[in-house]
Amino acid sequence: MKFKTTPYHSDLLKDSDRLAVFYEAIKEYSSNNQLAYDLGCGSGVLSYFLSDYFEEIISLEINKKTYECAKENLKDFNKIKVINTDVLNYEFRKKADLIVCEMLDTALIDEEEIPALNRAKEFLKPDGEIIPKGVINAVELVNFERHYLHWDEGARHEIMSDQIIYDEINFKDEINPEFKTVLKLKATKEGLLNGLKITTFTKLTDNIIAGPLPMLNPSLLIPLNERQVKVNDFIQVELKYIMGNGIESIETKYL
Ligand SMILES: C[S@@+](CC[C@H](N)C(=O)[O-])C[C@H]1O[C@@H](n2cnc3c(N)ncnc32)[C@H](O)[C@@H]1O
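Calculation criteria
- Residues numbered from 1 in each chain as written.
- Predicted model: local features only at pLDDT ≥ 70, side-chain atom pairs only at ≥ 80, totals over all residues.
- Heavy atoms only, no water.
- Pairing = 2+ DSSP bridges.
- Helix = DSSP H or I, 4+ residues; strand = E, 2+ residues; numbered from the N terminus.
- Axes fitted to C-alpha atoms, helices over the stretch in contact; angles between N-to-C directions.
- Near = heavy atom within 4 Å.
- Polar contact = N/O pair within 3.5 Å; in protein donor to acceptor, adjacent residues only side chain to side chain.
- Areas by Shrake-Rupley, 256 points an atom, 1.4 Å probe, with all protein chains shown as cover.
- 1 Å grid on protein atoms, 1.4 Å probe; cavity = no way out; pocket = protein on both sides within 12 Å on 5 of 7 lines; lining within 4 Å.
- Sits in = over half its atoms within 2 Å of the grid points.
- Nonpolar A, V, L, I, M, F, W, Y, C, P; charged D, E, K, R; others polar.
- Core = buried A, V, L, I, M, F, W, Y, C linked by side-chain atoms within 4.5 Å.
- Buried < 20%, exposed > 50% of the residue type's maximum accessible area, 1.4 Å probe, protein only.
- Domains from an automatic or database assignment.
- Salt bridge = Lys/Arg side-chain N within 4 Å of Asp/Glu carboxyl O.
- Contact = heavy atoms within 4.5 Å.
- Buried area = accessible area lost by both parts, 1.4 Å probe.
- Phe/Tyr/Trp six-rings, centres within 6.5 Å; stacked < 30°, edge-to-face > 60°.
- Lys NZ or Arg CZ within 6 Å of the ring centre and 35° of its normal.

### Some thoughts on the sheet that holds strand S15 (residues 251-254)
- Read from one edge to the other, the open sheet built from three strands follows the order S10-S14-S15, with strand pairing classed as antiparallel. Two strands bound the open sheet, and with one partner strand each, they are strand S10 (178-186) and S15. For this sheet, the mean angle separating the axes of adjacent strands, direction not counted, is 20 degrees.
- As paired strands, S10 and strand S14 (residues 234-242) are joined by nine bridges and run antiparallel to one another. Bridge pairing in S14 links Lys 186 to Phe 234.

The structure is reproduced here in structure tokens:
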């Protein structure tokens, strides 16, 4: 099928590994197959996958232009209803067997995955499922060249500690978007420390976990004040952010 898209959604469609993990996850949950929501449906590609297995699909998209593409792409599928709305204002009425919500980004900071799911989850049947099931967030100490907050697109950076998991989120739990933790990392290299690298692993189902992909959660590089470190130094950093409030909400300080 040929999709009409915006340039951003065209890039999302070109990431075939991203599409493959979502397709496999949808297939895994296809036995309870009445109603599915597709939150932030974009071009409509995941609704298209859902149409193989579900009797009814309600697809919500906030952006007018993107909504128009999805509406056009899915016009021949009577079982899919595409609605131009903010998930946070949508009046859910029916309980679903499956909620698909791909408003993902690294550590869920910059997009509204958590606020959207906190709202929509009430409309999931007791035996219903959410795709993805959750995320696992990990962090490392780094030295990087471009000393400002940015997503990893291959620019040089040197890893200066082991990677530790600092948070695991299960989307079925009630989630407080205000996140705060103290990271305790041991330097494995001597040199100039100037940042943190956050990597998010997406748990599509119990059986499918995806690491960062070009269009699914590339790692995030966060600057720290520069500090000389030696091997085995313990570095403690307080990390705070609000999930869904944007990368501007990230705060760090050495303890
Ligand atoms: C990462 S894209 C994924 C699109 C599509 N699900 C896919 O997998 O190709 C996220 C989409 O969610 C939409 N979105 C973001 N916040 C939203 C909200 N509050 N309500 C509805 N849609 C939203 C964006 O406009 C964007 O199209």
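### So, the site of the ligand
- Around the ligand, a shell composed of 19 residues is seen, among which Arg 18, Gly 40, Glu 61, Asp 86 and Glu 112 lie nearest.
- Here an oxygen atom of the ligand and a side-chain polar atom of Arg 18 are 2.8 Å apart.
- In this structure, Glu 112 approaches the ligand through a side-chain N or O atom, which is 2.7 Å from a nitrogen atom.
- Surface burial for the ligand is 93%, taken as the share of its 600 Å² of free accessible area covered by protein chains.
- Using a 2 Å cut-off from the grid points, one finds that the ligand occupies the largest pocket.
- If one sorts the elements of the shell around the ligand by residue count, helix H1 (residues 7-14) sits on top with three residues.
- Residues that form the shell around the ligand fall into these classes: eight nonpolar, five polar and six charged.

### Concerning the nonpolar core
- Residues Tyr 37, Leu 39 and Phe 171 are the most contacted members of the largest nonpolar core, which totals 79 residues.
- When we break this core down by domain, the ones giving at least three residues each are domain 1 (7-102) and domain 2 (134-254).

### A short note on the pattern of salt bridges
- Enumeration over the complete set of coordinates arrives at 15 salt bridges.
- The residue Asp 152 makes a salt bridge to Lys 197 at a minimum N-O spacing of 3.9 Å. Of this pair, Asp 152 sits in the loop between strand S7 (150-151) and strand S8 (157-159) while Lys 197 sits in strand S11 (residues 191-203), placing them 45 residues apart in sequence.
- Given the relative accessible area of 12%, Lys 197 is considered buried.
- Measuring nitrogen to oxygen at the nearest pair gives 3.9 Å for the salt bridge that ties Lys 203 to Asp 206.
- Of the residues examined, Lys 203 reaches a relative accessible area of 24% and is grouped as partly exposed.
- Residue Asp 206 is classed as exposed on the basis of its relative accessible area of 52%.
- Three or more residues are tied together by salt bridges with common partners; here these are Lys 133, Lys 203 and Asp 206.

### Side note on the domain arrangement of the protein
- Looking at the protein, the domain boundaries give domain 1 (7-102) and domain 2 (134-254).
- Domain 1 and domain 2 are separated by 30 Å when their C-alpha centres are compared.
- Between domain 1 and domain 2, the residue contacts involve 13 residues of the former and nine residues of the latter.
- When domain 1 packs against domain 2, close to 930 Å² is buried across both sides, 75% of that on carbon and sulfur atoms.
- Per-residue buried area on domain 1 facing domain 2 is highest for Asp 15, Val 21 and Glu 28; these three make up 43% of the total on that side.
- In this structure, the connection of domain 1 to domain 2 is made through three residue pairs in polar contact (both at pLDDT 80 or more).
- Those elements that provide at least two residues to the side of domain 1 that touches domain 2 are H1 and helix H2 (16-28).
- Looking at which element gives the most residues to the side of domain 1 that touches domain 2, the answer is H2, with seven residues.
- When the residues that make up the side of domain 1 that touches domain 2 are grouped by side-chain class, the tally is six nonpolar, no polar and seven charged.

### Describing the packing of aromatic side chains
- Using the criterion set out here, one finds 10 aromatic pairs in the structure.
- Summarising the aromatic geometry, the rings of Tyr 23 and Phe 49 are spaced 5.0 Å apart at their centres and angled 85 degrees between planes, so their arrangement reads as edge-to-face. Separated by 26 residues along the polypeptide, Tyr 23 in helix H2 and Phe 49 in helix H3 (residues 45-50) bring together distant segments of the chain.
- The exposure class of Tyr 23 is partly exposed, given its relative accessible area of 23%.
- With a centroid separation of 6.3 Å and 50 degrees between ring planes, the pair formed by Tyr 23 and Tyr 53 is classed as tilted. Remark: Tyr 53 occurs in the loop between H3 and strand S2 (56-61) and Tyr 23 occurs in helix H2; sequence separation between them is 30 residues.
- Its relative accessible area of 22% is what places Tyr 53 among the partly exposed residues.
- Positioned above the aromatic ring of Tyr 254 is the side chain of Arg 227, whose terminal nitrogen or guanidinium carbon lies 4.0 Å from the ring centre.

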